[in-house]
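Coordinates in review
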Amino acid sequence: MGAGPITLDHVGVIEQLKSVLARIDYTGDAIRGVLGEDAYQSRTWDVPVHVRRLRTGSTLETAIKLFFLGLAVDHGEVGRALAPVTVEELQRLGVVESGDTPLLASVRLVPHAELLLAGNRYPDEGPNGTPGDYVATVTAPSAILATLTVRDRVRTALDVGTGSGVQALWAARHCERVVAVDVNPRALNLAEFNARLNGIDNVEFRQGSLFEPVSDERFDLIVSNAPYVVSPDARYAYRDGGLASDAFCEQLIRESAMHLEEGGFAQLLISWLLVDEEWWARPEAWVDGSGCDCWLLLGAQRDPLTHAALWNEELKRDSTFYAETLDRWVDYLAELRAEAVLEGAVIMQRRSAVRNFFRADRIPAGRPEPAAEHVRRVFDNQTYLSGLPREEALLDETLRVVDRVRIEQEVHCAEGGYVVDSMTLVLDEGLGFRAGMDQKTAALVPLLDGNRTLRASIAVAAEGLGLDGDELEAFTRGALAVVREMLELGFLAARGHAQRA
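Structure report, in brief. It should be emphasised that the depicted structure is a prediction, and the values quoted were computed from it without experimental measurement. (Residues numbered from 1 in each chain as written. Predicted model: local features only at pLDDT ≥ 70, side-chain atom pairs only at ≥ 80, totals over all residues. Heavy atoms only, no water.)

**Some words on the sheet that holds strand β14 (residues 434-437)**
Definition in use: Whether two strands pair comes down to DSSP finding at least two bridges between them. For the purposes of this entry, the term helix denotes a DSSP run of H or I that reaches at least four residues, the term strand denotes a run of E that reaches at least two, and both are numbered from the N terminus. Note on geometry: axes are lines fitted to C-alpha atoms, helical ones only across the stretch in contact, with angles between N-to-C directions running from 0 to 180 degrees.
Strands sit in the order β12-β13-β14 across an open sheet of three strands; the sheet is antiparallel. Across the chains shown, the open sheet's two edge strands, defined by having one partner strand only, are β12 (405-414) and β14. This sheet shows a mean twist of 30° between the axes of neighbouring strands, independent of strand direction.

**Considerations on the sheet that holds strand β16 (residues 492-494)**
Within the open sheet, the three strands sit side by side as β15-β11-β16. Their pairing is antiparallel. Each end of this open sheet is capped by a strand with a single partner; those strands are β15 (449-453) and β16. Taking the axes of each pair of neighbouring strands and ignoring which way they run, one obtains an average angle of 30° across the sheet. Sheet topology places strand β11 (residues 398-401) next to β15; two bridges connect them, and they run antiparallel. Considered in β15, the bridge of R400 is made with D449.

**Section: the pattern of salt bridges**
Which entries qualify depends on this criterion: Each salt bridge in this description consists of a side-chain nitrogen of Lys or Arg and a carboxyl oxygen of Asp or Glu lying within 4 Å of one another. Exposure classes here rest on a 1.4 Å probe applied to the protein chains alone. A residue is buried below 20% of its type maximum, exposed above 50%, and partly exposed in between.
Overall, the coordinates contain 36 salt bridges when judged by the stated rule. R376 is the salt-bridge partner of D152, the closest N and O atoms lying 2.7 Å from each other. Here D152 is found in the loop between α7 (140-148) and β3 (154-160), whereas its partner R376 is found in helix α14 (residues 372-386), with 224 residues between them in sequence. The exposure class of D152 is partly exposed, given its relative accessible area of 24%. R376 gets classed as buried once you look at its relative accessible area, which sits at 12%. If you follow the salt bridges from partner to partner, you end up with R359, D361, E391, R484, E485 and E488 in one network.

**Notes on a negative patch on the surface**
We apply this condition: Patch definition: residues above 30% relative accessible area lacking any salt bridge, with like charges linked at up to 9 Å and the nonpolar side chains Val, Leu, Ile, Met, Phe, Trp and Tyr linked at up to 5 Å. Shrake-Rupley sampling with a 1.4 Å probe provides the accessible areas, and residues are treated as covered by the protein chains on show and by no other component. For the charge count, each Lys or Arg is scored as positive and each Asp or Glu as negative, with His and the chain ends excluded. Positions of charges follow a simple convention, taking NZ of Lys, CZ of Arg, CG of Asp or CD of Glu.
Taken together, D318, E324, D327, D331 and E335 make up a surface patch of like negative charges. Position of D327 among the secondary structure elements: in helix α13 (residues 319-335).

**Side note on helix α9 (residues 185-197)**
The condition is simple: For a helix, the expected span equals 1.5 Å multiplied by the residue count minus one. N or O atoms closer than or at 3.5 Å make up a polar contact, with two conditions inside protein: a donor-capable atom paired with an acceptor-capable one, and, for residues adjacent in sequence, both atoms drawn from side chains.
Taking 1.5 Å per residue, 13 residues should reach 18 Å; α9 reaches 18 Å between its end C-alpha atoms and fits that length. Along α9, the positions that sit buried rather than exposed are R186, A187, L188, N189, L190, A191, F193, N194, A195 and L197. Capping of α9 at its N-terminal end is provided by N184; its side-chain oxygen lies 3.0 Å from the backbone amide nitrogen of R186. One or two residues past the end of α9 sits G199, with phi positive at roughly 70°.

**Examining α13**
What counts, and what does not: To be clear, the arc concerns the directions from the helix axis to the C-beta atoms. Residue contacts are defined here by distance: any two heavy atoms, one from each residue, within 4.5 Å place the two residues in contact.
In a regular helix each residue adds 1.5 Å, so 17 residues correspond to 24 Å; α13 covers 24 Å between its end C-alpha atoms and thus fits that length. Residues of α13 that are buried: Y322, T325, L326, W329, Y332 and L333. Mapping the buried residues of α13 onto a view down its axis gives an arc of 130°, with all of them on the same face. Along α13, exposed side chains directed more than 90 degrees from the buried face belong to A334 and E335. For α13, the elements touching its buried residues are β7 (260-274), α12 (304-311) and β9 (340-350). Backbone geometry just after α13 places R337 at a positive phi near 60°.

**Quick look at the packing of α14 against helix α17 (residues 469-489)**
For clarity, the cut-off: Any angle that falls under 35 degrees is termed roughly parallel, while one over 145 is termed roughly antiparallel, one within 65 to 115 roughly perpendicular, and all others oblique.
Where α14 contacts α17, the axes come no closer than 7 Å and their chain directions differ by 135°. Taken together, the axis directions place α14 and α17 in an arrangement best described as oblique. Taken together, the residues of α17 that come into contact with α14 (itself represented by H374, V378, N381, Q382, Y384 and L385) are R484, L487, E488 and L489.

**Thoughts on the environment of K65**
Inspection of the secondary structure assignment puts K65 in helix α4 (residues 59-68). On a C-alpha basis, the gap between K65 and V51 in space is 7.8 Å, while along the polypeptide they are 14 residues apart. In this structure, K65 is in contact with L54, G70, L71, V73 and E77, ignoring residues within four places of it in sequence.

**Remarks on the side chain of Q91**
Considering the arrangement of structural elements, one finds Q91 in helix α6 (residues 87-93). Those residues in contact with Q91, other than ones at most four positions away along the chain, are V96, E97, S98, G99 and L103.

**Points about the packing of aromatic side chains**
Heads up, the rule is: What counts as a ring pair is set by centres within 6.5 Å for rings of Phe, Tyr and Trp (its six-membered ring), and what kind of pair is set by the plane angle: stacked under 30 degrees, edge-to-face over 60, tilted for all other angles.
Under the defined criterion, the tally for this structure stands at eight aromatic pairs. Summarising the aromatic geometry, the rings of Y40 and F68 are spaced 5.4 Å apart at their centres and angled 50° between planes, so their arrangement reads as tilted. One end of the pair, Y40, is in the loop between α2 (28-35) and α3 (47-51); the other, F68, is in helix α4, and 28 residues separate them in sequence. With 5.4 Å between their ring centres and 50° between their planes, F357 and F379 make a pair best called tilted. A residue pair is termed long-range when its members are at least 10 positions apart, and F357 in the loop between β9 and β10 (358-362) and F379 in helix α14 qualify at 22 residues.

**Brief notes about the packing of α2 against α4**
For clarity, the cut-off: Any residue that is not Ala, Val, Leu, Ile, Met, Phe, Trp, Tyr, Cys, Pro, Asp, Glu, Lys or Arg is counted as polar, Gly included; the first ten are nonpolar and the last four charged.
As a packed pair, α2 and α4 sit with axes 11 Å apart at the nearest point and diverge in direction by 95°. In terms of orientation, α2 lies roughly perpendicular with respect to α4. Seen from α2, the contacting residues are A30, I31, V34 and L35; seen from α4, they are L60, E61, I64 and F68. When the residues that make up the contact of α2 with α4 are grouped by side-chain class, the tally is seven nonpolar, no polar and one charged.

**Some details on the nonpolar core**
The cut-off we apply is this: Here, nonpolar core refers to any group of buried Ala, Val, Leu, Ile, Met, Phe, Trp, Tyr and Cys residues whose side-chain atoms link them within 4.5 Å.
One finds M348 and L394 to be the most contacted residues of the largest nonpolar core, which totals 112 residues. With eight residues, β7 is the largest single contributor of residues to this core. Counting 46 residues, the second-largest nonpolar core is a separate cluster that includes Y26, L54, A81 and L197.

This is the structure we're talking about:
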């Protein structure tokens, strides 16, 4: 399709377009109401189904046809639906292609929460497949990154590999100044248009790779959904980092640490190889000595063929080329001795004057809820634990279970009653961690209510369980280990940090 850039100086037209789309209720809920709950997961081959759901001829349906489904729409129909914005103004702006009727949009406009984002149309559209400078509006990984980002009010933020600008626009709401960088000129043009479309004026856009455009600057917040995919190709700006193996992600982690202000957070999506070692070993080595605490979250682990198939799905319509690409990717990963390819997130906080912690966990299945407070609590708890003079000092601390924790039980019927088979502690917020419990832990957890020390809570639980002597001593040792783990995973808050829970 060869879409040209958006003309960013048509400020009045941009504001009018936003106003019109708001008036006709061009929102995510409305689009799902017309097309179905899976509308945002659809691809080109789903469009014929969606077209048959358009029955009313409303102005909303016209906007959906033009900007969401990428259909050709009659000149007059567009003019009536989007008035007072004219077709000629839309063409000069660059969101609709120039030419005779019927009209085609040159971008896809996608409502995402309170934002309206422009990006390329469907990635598998056109005779030559996805263009190399393709820009997605919002993806599942970018949505997950947004949920993990700590939302402290800070002075400066950096978005590395901004794409459509979605991370930068979220950061602009709680940061005084945001810098967004991308190597792709098309991405920067659309990201700046999206900033103007959403009335955001505190984001600066710079072209360049990784940290080149900000070489001597530091930031309070860094976010990145850069091209992290381990790939033998350099075809797509949004996917291929251009470095061998997982070196792109190694560089991203190392340079992020160097560009963080003291106390600042970095949230990065990364991919790395599993090669004859523990799954967390490579990222741990990359962050070692960086002056940063690090929490590594594993989201997916795939064998080489599955990895290759996932990232080349758009080639399926040409079965020969698809097969050749799969073989080439699998051979490349075999040369790297990769047993699997892993994807996840790295969350770092710069604390250069202390002994830093590294922790690695698997993200539970399913999409996490907004997790900023959970992430912040985990890092606060780690800071708190590192300040204790010794492990036993926990006994004199006052702790409390955070609000959204529940206990699940599995039971079976026996002898006229119920017998508990298992109990699970569930954090019903953020990353949604789950942990198995025994009867002794179950007796202790409800007593951690912020009103007594851990030592006093253990004493009450032990009395109820009939424990003393050696059994009480063993219970206390076990309780210390359990409580530490609960703090590290964010099930608990220390009294001094309770306000963040």
